[in-house]
Amino acid sequence: MSKPKKPCTIVAAAHPDLDPAYRSVGPAIWPTDTFEWASPAEKPAFDYSRTVNPNRAMLIRTLSELEGAAGGVVTNSGQAAALLAFLRLPAGARVIAPHDCYGGTYRLLEALERQCKIRCTFVDQTNDAAFDRAIEDEFALLWIETPSNPLMRITDIRRRAAAARSRGALTIADNTLLSPLRQRPLDLGCDLVCHSTTKVLNGHADLFGGALLASDPAMVEELEWWSNAGGLNGSAFDSSQIVRGLRTLPLRIDRQEATATRIAEWLAERPEVKAVYYPGLDSSDGAELVAAQQFGPGFMLSFELRGGKPVADRFVGALDLITLASSLGGFSTLICTPSTMTHRGMPVEAQEKAGISADLLRLSVGLEDPDDLIADLNRGFTRLGS
Ligand SMILES: *Cc1c(COP(=O)(O)O)cnc(C)c1O
């Protein structure tokens, strides 16, 4: 077998062979709904675009190479990828998820539980005793999100996935916050890995998409079956755009991460800041795990002010360059207050349990000049002092 390619080579490979008509270097887009058959008995490789489409196939191939997966499916949003993971579960199956998981995933799991379709247990997966209690009863799926959003808590993927496997359960990791360039969950023992491609993989803040990839070819077939049956697959146009976004992923992440590190170190020195959550700080919890399972700290960080919601509102109101918006991983730096924005789907008691305070601010660091970003954050602190 040839040596696996490096990520920057995988995303730059042009594959003109995928366009047999013109061998275009910039891939064509095939938005067609259907494809011609040579004869009724000869099913073509691509027959109907809800089922299979060349642009989706190209994206799946690239993502699979990056994650070390056997294959998978590309869905029309990150949440569709999560839904797909739950759709294949038998009725009443139990899912164990982090108590501070992505707000949309929390909302979906809770709603499915209210309809008695599945059962779920939310637990602090960084706490050994709590985790061991949660896995005492039978369960089918362990959902991991690390670093967690918004508090950047680090879960030991290798250990948690091994515990799930020993009890006959599968493990899925939501790898949206780091991308395969900074973490490869399948190498660490997970069975499935999912993404919101809306975020850093596309990186251009102009579409919605998701992906669910698996290490086992039989699981890939099952995911393809359900995604086709439920009509969850992404469009040709969006898939083509995401492939285009991926071309610059290694460059973007390097730059965003370097700037995030500088900002986190700068914030950690500010007296107005109660705490900074960033896996790249030496002082951060789980620094050893970060070194063991991540290839870098990533571009997401959060920090806590003192004084609750009014102080957070004043701070974000003073910013000029950084945009108040939910979402992450794009070219521009976004700030949000998770308690009223990304995690508003989570009841206040659940937010408190997860440690999401009203003056917690989350930053997705983009591609602007780091000095300009720090000057903008300084405007926020100046406002607090005035
Ligand atoms: C955004 C996000 C999702 C949901 O993805 P959509 O594309 O918005 O549906 C899931 N998980 C994480 C960690 C996310 O950031």
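Residues numbered from 1 in each chain as written. Predicted model: local features only at pLDDT ≥ 70, side-chain atom pairs only at ≥ 80, totals over all residues. Heavy atoms only, no water.

Thoughts on unusual backbone geometry
Here is step 1 of the chain: Geometrically, the link from T146 to P147 is a cis peptide bond, its omega value of -5° lying close to zero.
Here is step 2 of the chain: Relative to the assigned elements, P147 resides in the loop between β4 (141–145) and α6 (157–166).
Here is step 3 of the chain: P150 follows N149 through a cis peptide bond whose omega is 10°.
Here is step 4 of the chain: Positionally, P150 belongs in the loop between β4 and α6.
Here is step 5 of the chain: Although it is not a glycine, S327 sits at a positive phi angle of roughly 100°. (Helix = DSSP H or I, 4+ residues; strand = E, 2+ residues; numbered from the N terminus.)

Some remarks on the domain arrangement of the protein chain
The accessible area lost on association of the parts is a frequent measure of interface size.
Here is step 1 of the chain: Assigned domains within the protein chain: domain 1 (10–246) and domain 2 (249–385).
Here is step 2 of the chain: Put simply, the middle of domain 1 and the middle of domain 2, counted by C-alpha atoms, are 26 Å apart.
Here is step 3 of the chain: Counting residues at the interface gives 38 residues for domain 1 and 41 residues for domain 2.
Here is step 4 of the chain: At the junction of domain 1 and domain 2, the tally comes to 2 salt bridges.
Here is step 5 of the chain: Of the charged contacts, one joins R182 and E257 as a salt bridge, the two residues approaching to 2.8 Å between their closest N and O atoms.
Here is step 6 of the chain: Inspection of the region where domain 1 meets domain 2 yields 14 residue pairs in polar contact (both at pLDDT 80 or more).
Here is step 7 of the chain: At the level of elements, α4 (103–114), α6 and α8 (236–246) are the ones that each hand at least two residues to the side of domain 1 that touches domain 2.
Here is step 8 of the chain: Residues belonging to the side of domain 1 that touches domain 2 are distributed by class as follows: 19 nonpolar, 12 polar and 7 charged. (Domains from an automatic or database assignment. Contact = heavy atoms within 4.5 Å. Salt bridge = Lys/Arg side-chain N within 4 Å of Asp/Glu carboxyl O. Polar contact = N/O pair within 3.5 Å; in protein donor to acceptor, adjacent residues only side chain to side chain. Nonpolar A, V, L, I, M, F, W, Y, C, P; charged D, E, K, R; others polar.)

Side note on the environment of L305
Here is step 1 of the chain: Along the chain, L305 turns up in the loop between β9 (300–304) and α11 (308–317).
Here is step 2 of the chain: For the pair L305 and A275, spaced 30 residues apart in sequence, the C-alpha to C-alpha distance is 7.4 Å.
Here is step 3 of the chain: Ignoring anything within four residues of it in the chain, the contact list for L305 reads E272, V273, K274, V311, A312, F315, D359, L361, F381 and L384.

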